[in-house]
Amino acid sequence: MTLIPLKLGLIGFPLGHSLSPQLHHGALKAMDLPGEYRLYPIAPLPEGQWALTTLIERLRNGELAGLNVTIPHKPNVLALLDDMTPLVRRTGSANTLFTHGGRLIGDTTDVPGFLADLESWLPPEQAAGKKALVLGAGGSARAVVVALQERGWRITLAARRYTQAEELAASLGGSFRILTLEADQLAKSSDTSLIGNTTPVGMFPKEGYCPWPEELPLPEGAAVYDLIYNPAETTLLRWAREMGLPARNGMGMLVEQAALSLERWSGRVVPRAAMWEAVQ
Ligand code: NAP
């Protein structure tokens, strides 16, 4: 049987450091599936509107088999879809596009990708605590909060702009405690069992920075999950390990969300090990 090559890709801007082609090419090879995964850098709107619409049309007409979407286009593609999954409706962003019965559908694998990696790692003591502190209130915070809400966590949001956290809380519904990122505020979260960093603070090339104030020890009973994966050990994760706390970076989430997208496009189980191998 001759398989039609899966033409896949990623829309975003900028895309210079993306690991997605490596992840997908590694998995396609391991699955013995012909295909390619290309980067489609498209400028932010309004400049990129024509390029975005044209590329989405290539997916709609079957020339492409699937597209991932990242910053800044996750919310921008919503208006171009025929339908979206309930999770996209809830999070307001789509990262995986495909067609079904001639209709263009948007899905998000960020929420299940984060949950799969978190739950494969989180030590039982912290999992039982169910009190999470989420640092940042942007796009990935939304996915992380929805994921934690699905599992019944009580959530504190801490953001440098209090109003941004308020808006996130209001749009998702439910009850949240809201703090800023100052030490006197974060000191109120000493009973936290999980800290999730969704800010880019500490990411390459500014590895020296940390979203947590240096003068405040991390909560003693917390596990720390940093969505950043470059560097592999951020300053936040180093401080956590120095205190003997469980700490994990965002590479597992990146792998899981990519694997779930490829499963959607290929209809096959994706070997995570092949993706890990491709990026290590
Ligand atoms: P985003 O939508 O821009 O949100 C970033 C959040 O961090 C906002 O609340 C922002 O506040 C805050 N922030 C930015 N700079 C800050 C600073 N210097 N101090 C305090 N807060 C600051 O970005 P995102 O899409 O959520 O991505 C955030 C990080 O998560 C990035 O490092 C990204 O690589 C990582 N990520 C990883 C995965 C994965 O699979 N592992 C998935 C998604 C994202 P303002 O609005 O005030 O700037």
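The rules we used
- Residues numbered from 1 in each chain as written.
- Predicted model: local features only at pLDDT ≥ 70, side-chain atom pairs only at ≥ 80, totals over all residues.
- Heavy atoms only, no water.
- Buried < 20%, exposed > 50% of the residue type's maximum accessible area, 1.4 Å probe, protein only.
- Helix = DSSP H or I, 4+ residues; strand = E, 2+ residues; numbered from the N terminus.
- Pairing = 2+ DSSP bridges.
- Lys, Arg positive; Asp, Glu negative; His and termini not counted.
- Salt bridge = Lys/Arg side-chain N within 4 Å of Asp/Glu carboxyl O.
- Polar contact = N/O pair within 3.5 Å; in protein donor to acceptor, adjacent residues only side chain to side chain.
- Contact = heavy atoms within 4.5 Å.
- Near = heavy atom within 4 Å.
- Areas by Shrake-Rupley, 256 points an atom, 1.4 Å probe, with all protein chains shown as cover.
- Nonpolar A, V, L, I, M, F, W, Y, C, P; charged D, E, K, R; others polar.
- Axes fitted to C-alpha atoms, helices over the stretch in contact; angles between N-to-C directions.
- Domains from an automatic or database assignment.
- Buried area = accessible area lost by both parts, 1.4 Å probe.
- Core = buried A, V, L, I, M, F, W, Y, C linked by side-chain atoms within 4.5 Å.

Considering the pairing of strand 3 (residues 66-69)
- Alternating residues of strand 3 divide into Gly66 and Asn68 and Leu67 and Val69, and every residue in both groups is buried.
- Note that strand 1 (residues 6-12) and strand 3 share four bridges and pair parallel. Within the sheet, the bridge partner assigned to leucine 10 lies in strand 3 and is asparagine 68.
- The sheet contact formed by strand 3 and strand 5 (residues 96-100) spans two bridges and is antiparallel.

With respect to the side chain of aspartate 226
- By the element assignment, aspartate 226 lies in strand 11 (residues 223-226).
- Within the buried set, aspartate 226 has no salt-bridge partner at all; the shortest N-O distance to an opposite charge, 9.2 Å, is to arginine 241.
- In this structure the side chain of aspartate 226 is engaged in a polar contact, spanning 3.1 Å, whose partner is the backbone nitrogen of isoleucine 228.
- At 2.8 Å, the side chain of aspartate 226 forms a polar contact with the side chain of threonine 234.
- Those residues in contact with aspartate 226 that lie beyond four places of it in its chain are Asn197, Thr234, Leu236, Leu237, Arg248, Asn249 and Gly250.

Some words on the site of the ligand
- Contacts to the ligand come from 21 residues, most closely from Gly139, Ser140, Arg160, Arg161 and Gln164.
- Alanine 137 is positioned with one of its backbone polar atoms (N or O) 2.9 Å from an oxygen atom of the ligand.
- Interatomic distance of 2.8 Å between a side-chain N/O atom of arginine 160 and an oxygen atom of the ligand.
- For the ligand, whose unbound accessible area comes to 920 Å², protein coverage reaches 75%.
- Grouping the constituent residues of the shell around the ligand by class yields eleven nonpolar, eight polar and two charged.

Quick notes on the sheet that holds strand 8 (residues 154-158)
- The sheet built from six strands is open, its strands ordered 9-8-7-10-11-12 with parallel pairing. The two strands at the open ends of the sheet, each matched to only one other strand, are strand 9 (176-179) and strand 12 (247-248).
- Here strand 10 (residues 194-197) pairs with strand 11 via four bridges, running parallel. The partner of leucine 194 across the bridge, within strand 11, is alanine 223.
- Packing of helix 6 (residues 139-150) onto the sheet brings it into contact with strand 7 (131-135), strand 8, strand 9 and strand 10, and relative to strand 7 it is tilted by some 170 degrees.

So, the sheet that holds strand 6 (residues 103-107)
- Pairing within the open sheet is mixed, and its six strands lie in the order 2-1-3-5-6-4. Looking at the sheet topology across the chains shown, the edges are occupied by strand 2 (35-41) and strand 4 (83-84).
- On top of the sheet, helix 1 (residues 20-30) reaches strand 1, strand 2 and strand 3; it is set at about 170 degrees to strand 2, its chief contact.
- Packing of helix 2 (residues 49-60) onto the sheet brings it into contact with strand 1, strand 2, strand 3, strand 5 and strand 6, and relative to strand 5 it is tilted by some 45 degrees.

Points about the domain arrangement of the protein
- Considered domain by domain, the protein is made up of domain 1 (6-108) and domain 2 (112-252).
- With six residues of domain 1 in contact, the opposing surface of domain 2 contributes nine residues.
- Area buried by domain 1 at its contact with domain 2 is led by Leu19, Arg90 and Thr91, which between them contribute 68% of it.
- Between the two partners, domain 1 and domain 2, sit zero salt bridges.
- Here the residues of the side of domain 1 that touches domain 2 are counted per class, giving two nonpolar, three polar and one charged.

Let's talk about the nonpolar core
- Counting 32 residues, the largest nonpolar core has Phe114, Leu148, Leu157 and Leu194 as the members making the most contacts within it.
- Residue assignment for this core shows that the elements contributing at least two residues are helix 4 (110-121), strand 7, helix 6, strand 8, helix 7 (162-172), strand 9 and strand 11.
- The dominant element in this core, judged by the number of residues it contributes, is helix 6, at seven residues.
- Residues Leu19, Tyr37, Val255 and Met275 belong to the second largest nonpolar core, which totals 23 residues.

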